[in-house]
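An overview of the molecular structure
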Amino acid sequence: MKRTIYLKFLIAYVLFAVFGFIAVGTVISNMTMEHCRRARAESLYSEATQIANTYATDLYNSDTTISRVQTQLIDLSRYMQATIWIINPSGRLVIDSSRVLDENTEVVVDGFDPTVTGGTYYTIGDFFGTFPEEELSVFAPITANYKVRAYVVIHTPMSAIKTEANELLNISYLLLIILFLLSAIILIFFTELVYIPLRKVTTATEQYAAGNMDYKFTLESDDEIGYLGAAVSYMAGEIARSEEDQRKFIANVSHDFRSPLTSIRGYLQAMIDGTIPPEMHEHYLQVVLNETDRLTKLTNGLLTLNNIGSGMMLEKAEFDINKVIRDTAATFEGTCRSKMIAIELVLTDEQMIVLADMGKIQQVLYNLMDNAIKFSHNDSVIKIETTEKKNKIFVSVKDSGIGIPKEDQKMVFERFYKSDLSRGKDKKGTGLGLSIVKEIIKAHGENINVISTVGVGTEFVFSLPKAKVMDEDIV
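Residues numbered from 1 in each chain as written. Predicted model: local features only at pLDDT ≥ 70, side-chain atom pairs only at ≥ 80, totals over all residues. Heavy atoms only, no water.

Here is the rule we go by: UniProt positions are given in the numbering used here, feature names are shortened, and annotations may be inferred rather than shown by experiment.
As recorded in an unreviewed UniProt entry, the chain goes by histidine kinase and comes from Butyrivibrio fibrisolvens. In its Catalytic activity (unreviewed entry) section, the UniProt record describing the chain reads: "ATP + protein L-histidine = ADP + protein N-phospho-L-histidine." What UniProt states about the chain under its Subcellular location (unreviewed entry) heading is, verbatim, "Cell membrane".

1. Quick notes on helix α3 (residues 66–80)
Under the convention used in this document: Only runs of H or I of at least four residues qualify as helices and only runs of E of at least two qualify as strands under DSSP, and these elements are numbered from the N terminus. One less than the residue count of a helix, multiplied by 1.5 Å, gives the span that helix is expected to have. When a residue's accessible area, from a 1.4 Å probe over protein chains only, is under 20% of the maximum for its type it is buried; when over 50% it is exposed; and in between it is partly exposed. To obtain the arc, one takes the directions from the helix axis to the C-beta atoms.
Helix length check: α3 (15 residues) gives 20 Å between terminal C-alpha atoms against 21 Å at 1.5 Å per residue, within 8%. Regarding α3, the residues found buried are V69, Q70, L73, L76, S77 and M80. End-on, the buried residues of α3 take up no more than an arc of 125°, which puts them together on one face. When the buried face of α3 is taken as reference, the exposed residues oriented beyond 90 degrees from it are S67, R68, R78 and Y79. Where α3 ends, the next residue or the one after it, Q81, has phi of about 55°, a positive value.

2. So, the packing of aromatic side chains
The condition is simple: For this analysis, a ring pair means two rings from Phe, Tyr or Trp (six-membered ring only for Trp) whose centres lie within 6.5 Å, classed as stacked if their planes differ by under 30 degrees, edge-to-face if by over 60, and tilted for the remaining angles. Criterion for a charge above a ring: Arg CZ or Lys NZ at most 6 Å from the ring centre, at most 35 degrees from the ring normal.
For the structure shown, the criterion picks out 13 aromatic pairs. Seen from their ring centres, F139 and Y151 are 6.5 Å apart, and the 80° between their planes marks the pair as edge-to-face. Of the two residues, F139 sits in strand β4 (residues 135–144) while Y151 sits in strand β5 (residues 147–157), which places them twelve residues apart along the sequence. Y151 matches F139 in its accessibility class, with the two residues each being buried. In this structure, K389 packs its charged tip against the face of F394, placed 5.8 Å from the ring centre.

3. Focus: the packing of helix α9 (residues 358–374) against helix α11 (residues 433–443)
Between two packed helices, what matters for the description is the angle formed by their axes and the separation of those axes. Spelled out, the test is: All axes here are fitted lines through C-alpha atoms, helices being fitted over the stretch that makes contact, and every angle between N-to-C directions spans 0 to 180 degrees. Helix crossings get a hand from a simple test, with the near helix turned counterclockwise from the far one by less than a right angle marking a left-handed crossing and a clockwise turn marking a right-handed one. Here, residues are in contact when the closest pair of their heavy atoms is within 4.5 Å. Note on residue categories: nonpolar means Ala, Val, Leu, Ile, Met, Phe, Trp, Tyr, Cys or Pro, charged means Asp, Glu, Lys or Arg, and polar means any other residue, Gly included.
Between α9 and α11, the shortest axis-to-axis distance is 9 Å and the interhelical angle comes to 145°. The chirality of how α9 crosses α11 is left-handed. On the side of α9, the interface is formed by K360, I361, Q363, V364, N367, L368 and N371, while α11 contributes G433, L434, I436, V437, I440 and I441. Looking at the contact of α9 with α11, its residues break down into eight nonpolar, four polar and one charged.

4. Let's talk about the side chain of N367
Position of N367 relative to the elements: it lies in helix α9. Look at N367 and you get buried, because its relative accessible area is 15%.

5. Describing the pairing of strand β8 (residues 353–357)
Our working definition: For two strands to count as paired, DSSP must find a minimum of two bridges between them.
Of all five residues in β8, four are buried, a share of seventy percent or more. Relative to β8, strand β6 (residues 316–320) is paired through five bridges, and the arrangement is antiparallel. Bridging from a neighbouring strand, E318 pairs with L355 of β8.

6. Digging into unusual backbone geometry
Generally, phi is negative for residues other than glycine and the peptide bonds are trans, each holding for most cases. At F128, a position not held by glycine, the phi torsion is positive, near 60°. With respect to the helices, strands and loops of the structure, F128 is situated in the loop between β3 (122–125) and β4. Despite not being glycine, M340 has its phi angle at roughly 55°, a positive value. Tracing the backbone through its elements, the reader meets M340 in the loop between α8 (333–339) and β7 (342–347).

7. Brief notes about the UniProt feature "transmembrane region" (unreviewed entry) in the chain
Following the UniProt record, one finds the feature "transmembrane region" (unreviewed entry) at residues 6–28 and 168–190. Secondary structure content for residues 168–190 is 100% helix and 0% strand, and the end C-alpha separation is 33 Å.

8. Here's the deal with the pattern of salt bridges
Test applied: Here a salt bridge means any side-chain nitrogen of Lys or Arg lying within 4 Å of a carboxyl oxygen belonging to Asp or Glu.
Scanning all chains against the criterion turns up eleven salt bridges. In this structure, E333 and R337 form a salt bridge, with 2.7 Å as the shortest nitrogen-oxygen distance. Of this pair, E333 and R337 both sit in helix α8, four residues apart, which is roughly one turn of that helix. Judged by its relative accessible area of 56%, R337 falls in the exposed class. The salt bridge involving K392 is made with E446; its shortest N-O contact spans 2.7 Å. One end of the pair, K392, is in strand β10 (residues 392–398); the other, E446, is in the loop between α11 and β11 (448–453), and 54 residues separate them in sequence. Here the salt bridges share partners, and the residues they tie into one network are E34, R37 and R38.

9. Topic: the packing of helix α7 (residues 321–330) against α9
What counts here: Here the word oblique covers every angle except those under 35 degrees (roughly parallel), over 145 (roughly antiparallel) and from 65 to 115 (roughly perpendicular).
Relative orientation of the contacting elements α7 and α9 amounts to 45°, with a least axis distance of 10 Å. Between α7 and α9, the angle is such that the two are oblique. In terms of crossing hand, the pair formed by α7 and α9 is right-handed. Counting all contacts with α7, which are made through I321, V324, I325, T328 and A329, the residues of α9 involved are M358, I361, Q362, L365, Y366 and M369. Of the residues in the contact of α7 with α9, the class split is nine nonpolar, two polar and no charged.

Spelled out as structure tokens, the structure:
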């Protein structure tokens, strides 16, 4: 979001205001004037028609006198704020509400033509040169015995109509000003609640994109923008943590590779230069071989974690987890015999069918059993147990070894992590076994937990989905 977008928005707002006032001053002004003229004309025409059908008709039917009709028209003209005429078709003025006509003096409107209105009932102008300013003049015929005897003509100044139109137009201007003030308030709220927070988020993302993960910003908002800010801040924290983990990872890999390589080079150099006598070569060659085995194990672990991180492909199938446990435990028979460690299998039912990747789960069991044997005391027991709960099969690998301190238990699944208690025991470990276990179980959509007490032992428990065939057998 660029700052120019907000500037464009402000320019658009100003242009909207300018064009709004122009529109009110031109289009709305003309529409208001036309409305007032038509409304006034209709009102006067209605009055003229009533006069033509009452007072004026009585006059031509000899039911009243001119003076009486004039008195009534004078009262009406004051009420209507207009001038009322009764005029003959020839243009001779019979009654004028604005003055008393002399009976001996004939007043004639030169050029009077009742058809001047065309298809309407009113005309605008000086009424054949009679008035000094524009007048709105409305015609209504007076008929007697089916013949037009005269016309009722009502005049009102156009200036009065314009004044009325301007008053209405002023209301339009006032409403327009109120509208723009309200819009300005909305703009201010938009600036405070939307634009400024978005600018903060944008600035923060630019800083993070430039690599400044220490940049801090806060949004005191509980809405979606506040959630966006929190998400961006969380993302930056995760990226920073990921970069820190990557630095630690590289440091640990470098250290774990450097140590055996240094040993291998040192021993080989010593054998070449004679520091180690020939009769000791076999012993130190075995040490070198052990170090290469450690490097191979470390490399394989890294490759496994890399494959897991890039998206592990699972080949799920139904298999008996009890059989896999028995087979995996059998591979440690020689190691257990040398340390006088017994493996106790407490397996529920003869068969426990699960739906998982058998090869990956076998690797999980191997790593857990290898850890258990490595950190168990001589002449102890390792207990492997399976239990069934609802649609899950739980596998437990429990030893009675040195245990894991409480503060280290949350970190045992991190790559290259080794607790202080295990460093003396884990001479050949890479610190990747439990990380691989965690990632494999996670790829299955399941969980693994650790329960440990220092000096008592450690138990790892993980879950696997039970195969549907188990439920069918029960039925």
